[in-house]
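Breakdown of the fold
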Amino acid sequence: MGQDEVLTVRGLRKRYRGRRGVQANDGIDLDVRAGQVVGLLGHNGAGKTTLVNQVVGLVLPDEGTIVLDGIDAVARPGQARARASIQAQANVPITGLTPRLAIELVGRLRGGERSAVRTRAGELIEALDLGPWADTRAEKVSGGIARLTAFAMTVVQPGRLVVLDEPTNDVDPVRRRLLWQQIRRLADEGAGVLLVTHNVREAERVVDRLAVLDHGVVLAAGTPAGLTASRQGTLTVELDLLPGATVTWPDGVVARGSSRLRESGSVPAEDAAEVVRWAQRQVHQGAIERYSLVPASLEDVYVELVEDERRDAPAEEVAA
Amino acid sequence: MTAVRQTLLLAQWQFRRQSTFLPLLVVVQVFIAVATVVGYGLLVGDPPPEVALYLATGAPTITLITVGLVMTPQLLAQSKTEGSLDWMRTLPVPRGLFLASDLLVWTVLALPGMVLGVLVGAARFDIELSIAPWLVPATLLVSMTAAAVGYALASVLPPPLASLVTQMLVFVVLLFSPVSYPAERMPTWLQQVHEWAPIEPMAQLVRAGLAQDAFTISGRSLLVLVVWCLVATGAAAMALRRRA
């Protein structure tokens, strides 16, 4: 374990008791280093929020260790909290306050000095293009602005570890880019960032490492390139169909998904040129509106991983 | 020092979040305090001086108790429901400070009503007060105990149940507690219950603080109150510290 390790989780298990007991975390290992953005992917109920709540001491693990910046977070939740800042999945209600005031108050609550906090809050408001709403009462701001405000509240005085739970929800595309820049900057300035998200496509460009969580275990972890390595040499072809049209894939294309007016398949890179010619013919014949050819994405890998797990899961559930 | 700073910042946060309703809250507090004096006065007609003194010195206690026992748990239940409690708990703030800041907010809010209640009572019934020098710390003890009991209730009970229970408690305080009338008027069993409950000692303490020439508080009552304060504060702090 290196000096720059900000978060080290080993063998973390948590079962929620009750009539329908849920094994939310089932032996999680996870590392976040200073300067890294680590993406945590997983569908709803995969155990992401439980993991985060244990890191900040809101939930007590049944088993396992959490070391946060050298502090045993299970034994000393108070000290651990001082080293982490969290943006929760749900927006923090700030009715009665303005975004600027909320950001500044939280910065000072987190121990920041008044004028430094004011400067930093101003910078964040500028960087996230929140200016027009910064001094509006929170009742009157939209969900996306509230989300960005919650982000700014989290990073105005960041801990060594910054946990962001779905920071891009409700945020418009333009400001989402600004947000990703700020997330990257946080890590570049030395924080360890744990990013919980469903937005695989956008996260892919920002994260250094990824962990895929399902049923309370880490299914796969690695760099985005490492995780997609198995799919290297494969491209994804996507078609937008015209209403009423049907297509039959040419040889070499494996059908991947199909929805109304949308088909996708994967094709080996060496056959790509042939498929492009085929697709162009389909456009001329009026069967498809447009097509695209993209490298196998992390999203594909993620969906595949989780689907594989699903296939194995039923037997396991019966046994349990 | 950090603790004081954080408490004040948290209080500022709570205060500003309630800012839309603040004036209304103060008006309601004042209304309750004045209504207790004037309304009870109507109930009992033209009371003899001892009864009048009882009424006038009971009103501020009722204000303090309703604020602590009703407003505090309602705020907590609200922050539980809207999700801000869980977020606040991720802040690097010692757990006890959440309690302290809420207490501060509600005590400050209760103050105008309490003072006005005393003044209106003194004027309406034409009584003479004799204020003890320790009235302020005594008021704080009462306010803190009431708020801590309310906090503990709201921490333990699910939000809808907590608000039902606290509303019921207001009736108990208003009608079935020896705050605005002497304990002797109650059935014996209820008197015995109140010997161990915190309400009677609260009333006695405030009464003795406001009219020290006419009333005293026994050491036993003070002890009961202090024990309640410690137990309730401990329970509330434990509930805040609890990990699921």
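Residues numbered from 1 in each chain as written. Chains lettered and ligands numbered in written order. Predicted model: local features only at pLDDT ≥ 70, side-chain atom pairs only at ≥ 80, totals over all residues.

1. Describing the overall build of chain A
Rule in force here: Numbering goes from the N terminus for both helices and strands, where a helix is a DSSP run of H or I of at least four residues and a strand is a run of E of at least two. Burial is judged by counting the other C-beta atoms within 10 Å of a residue's own C-beta: 20 or more makes it buried, 12 or fewer makes it exposed, and any count in between marks it as partly exposed, with every C-beta position built from the backbone. Once C-beta atoms are placed from the backbone, any two residues with those atoms within 7 Å are in contact.
Counting its regular elements, chain A contains ten helices and 14 strands. For chain A, the spread of C-alpha atoms along the principal axes amounts to about 65 × 55 × 40 Å. Buried positions account for 41% of the 320 residues belonging to chain A. Taking contacts inside chain A between residues at least 6 apart in sequence as the whole, the part at least 24 apart equals 69%.

2. Description of the overall build of chain B
Inclusion rule: Throughout, radius of gyration means the C-alpha value; the globule benchmark is 2.2 Å times the number of residues raised to the power 0.38.
Along chain B, the regular secondary structure elements total ten helices and zero strands. Going from the N terminus to the C terminus, chain B shows its helices and strands as α-α-α-α-α-α-α-α-α-α. For 244 residues, the compact-globule estimate of 2.2 N^0.38 gives 18 Å, and chain B sits close to it at 18 Å. The principal-axis extents of the C-alpha atoms in chain B amount to approximately 55 × 35 × 35 Å. The proportion of buried residues among the 244 residues of chain B is 46%. Sequence-distant contacts, at least 24 apart, represent 83% of the contacts inside chain B between residues at least 6 apart.

3. Concerning the sheet that holds strand 2 (residues 22–33) of chain A
Residue and element names in this part refer to chain A. Just so we agree on the cut-off: Strand pairing is assigned whenever DSSP detects at least two bridges linking the two strands. In this description, a line fitted to the C-alpha atoms serves as the axis of each element, helices being fitted only across the stretch in contact, and the angle between N-to-C directions of two axes falls anywhere from 0 to 180 degrees.
Strand order in the open sheet formed by four strands is 2-1-4-5, and the pairing between neighbours is antiparallel. Both edges of this open sheet fall to strand 2 and strand 5 (71–72), since each of them pairs with a single strand only. The pairing of strand 1 (residues 5–16) with strand 4 (residues 63–68) spans five bridges and is antiparallel. Residue pairing in the sheet places Thr8 in a bridge with Val67 of strand 4. Most of the contacts of helix 1 (residues 48–55) go to strand 1, to which it runs at about 120 degrees, and overall it touches strand 1, strand 2 and strand 4.

4. A word on helix 9 (residues 199–210) of chain B
Spacing of three or four residues puts side chains on the same side of an α-helix, whose turn is 3.6 residues. Residue and element names in this part refer to chain B. As a reminder, the rule being used: Each helix should span, by expectation, one fewer than its residue count multiplied by 1.5 Å.
With twelve residues, helix 9 should cover 16 Å at 1.5 Å per step; its first-to-last C-alpha distance of 17 Å lies within 8% of that length. With twelve of twelve residues buried, helix 9 is to be regarded as a mostly interior element. Inspection of helix 9 places Ile199, Glu200, Pro201, Met202, Ala203, Gln204, Leu205, Val206, Arg207, Ala208, Gly209 and Leu210 among the buried residues, and these make up the whole buried set. Buried residues in helix 9 make contact with helix 3 (49–82), helix 5 (95–125), helix 6 (135–156), helix 7 (159–175), helix 8 (188–196) and helix 10 (219–241).

5. Comments concerning the UniProt feature "domain: ABC transporter" (unreviewed entry) in chain A
As a reminder, the rule being used: UniProt positions are given in the numbering used here, feature names are shortened, and annotations may be inferred rather than shown by experiment.
Mapped onto this numbering, the UniProt entry annotates "domain: ABC transporter" (unreviewed entry) at residues 7–240 of chain A. Along residues 7–240 of chain A, the helical share is 32% and the strand share 29%, with 44 Å between the first and last C-alpha atoms.

6. A word on the UniProt feature "domain: ABC-2 type transporter transmembrane" (unreviewed entry) in chain B
Per the UniProt record, "domain: ABC-2 type transporter transmembrane" (unreviewed entry) is found at residues 6–209 of chain B. Helix makes up 80% of residues 6–209 of chain B and strand 0%, and the two end C-alpha atoms of the span are 31 Å apart.

7. Some remarks on the UniProt feature "transmembrane region" (unreviewed entry) in chain B
Residue and element names in this part refer to chain B. UniProt's feature table lists "transmembrane region" (unreviewed entry) at residues 21–45, 51–76, 97–122, 134–154, 161–181 and 222–240, given in the numbering used throughout. The span residues 21–45 carries 92% helix and 0% strand; its end-to-end C-alpha distance comes to 35 Å. In residues 134–154, the share of helix is 95% and the share of strand is 0%. The end C-alpha atoms are 30 Å apart.

8. Considerations on the sheet that holds strand 6 (residues 84–87) of chain A
Residue and element names in this part refer to chain A. Taken together, six strands build an open sheet; the order of strands is 6-7-8-3-9-10 and the sheet is mixed. Only two strands of the sheet have a single neighbouring strand rather than two, namely strand 6 and strand 10 (217–222). Between one strand and the next, the sheet's axes are offset by a mean angle of 15 degrees, whatever the strand orientation. The sheet contact formed by strand 3 (residues 37–41) and strand 9 (residues 209–214) spans four bridges and is parallel. In the strand pairing of strand 9, Val38 is matched with Arg209. Of the strands in this sheet, strand 3, strand 6, strand 7 (161–165), strand 8 (192–197) and strand 9 are in contact with helix 1, which crosses strand 7 at around 150 degrees. The strands that helix 5 (residues 143–155) touches are strand 6 and strand 7; relative to strand 6, the one it contacts most, it runs at about 175 degrees.

9. A look at the interface of chain A and chain B
Often, the extent of an interface is quoted as the loss of accessible area on bringing the components together. Contact residues are listed per partner, giving 21 residues for chain A and 23 residues for chain B. If you list the elements that add at least two residues to the side of chain A that touches chain B, you get helix 2 (77–81) and helix 3 (99–109) of chain A. With four residues, the single largest contributor to the side of chain A that touches chain B is helix 3 of chain A.

10. A word on the nonpolar core
Convention followed: By definition, a nonpolar core groups buried Ala, Val, Leu, Ile, Met, Phe, Trp, Tyr and Cys residues that connect through C-beta atoms lying within 7 Å of each other.
Grouped together as the largest cluster of nonpolar side chains are 152 residues, with contacts concentrated most on Val55, Ala152, Leu161, Val193, Leu194 and Leu195 of chain A. No other element matches the 16 residues that helix 3 of chain B contributes to this core. Ignoring anything within four residues of it in the chain, the contact list for Leu161 of chain A reads Val6, Leu7, Val32, Leu68, Asp69, Arg83, Ala84, Ala191, Gly192 and Leu194 of chain A. Counting residues in each nonpolar core, the second largest holds eight residues, with Leu239, Val275, Ala279 and Ile288 of chain A among its members.

11. Let's talk about the pairing of strand 1 of chain A
Look at any regular strand and the pattern is simple: side chains alternate between the two faces of the sheet. All names here are of chain A. Note: strand 1 against strand 2, nine bridges, orientation antiparallel. Across the sheet, Tyr16 pairs through a bridge with Val22, a residue of strand 2. A loop of five residues connects strand 1 with strand 2, the two strands running antiparallel in sequence, and Gly18 in this loop sits at a positive phi of about 125 degrees.

12. Observations concerning the domain arrangement of chain A
Heads up, the condition is: Each domain's extent was defined by an automatic or database domain assignment.
Parsing chain A into structural domains produces domain 1 (5–223) and domain 2 (233–295). Here domain 1 of chain A and domain 2 of chain A have C-alpha centroids that lie 39 Å from each other.

13. Overview of the environment of Arg17 of chain A
On the secondary structure map, Arg17 of chain A appears in the loop between strand 1 and strand 2. Placed 98 residues apart in sequence, Arg17 of chain A and Ser115 of chain A show a C-alpha to C-alpha distance of 47 Å.

14. Some points on helix 1 (residues 2–17) of chain B
Taking 1.5 Å as the rise per residue, helix 1 of chain B with 16 residues should run 22 Å; its terminal C-alpha atoms sit 22 Å apart, in good agreement. Structurally, helix 1 of chain B contributes buried residues whose contacts are with helix 3 of chain A together with helix 5 of chain B.

15. Some remarks on the confidence of the model for chain A
Defined as follows: The quantity called pLDDT is the predictor's confidence in a given residue, expressed from 0 to 100.
Averaged over every residue, the pLDDT of chain A is 86; the share at 70 or more is 95%. Low pLDDT, under 50, characterises residues 315–320 of chain A; the predicted model gives this stretch zero contacts beyond four residues in sequence or across chains.

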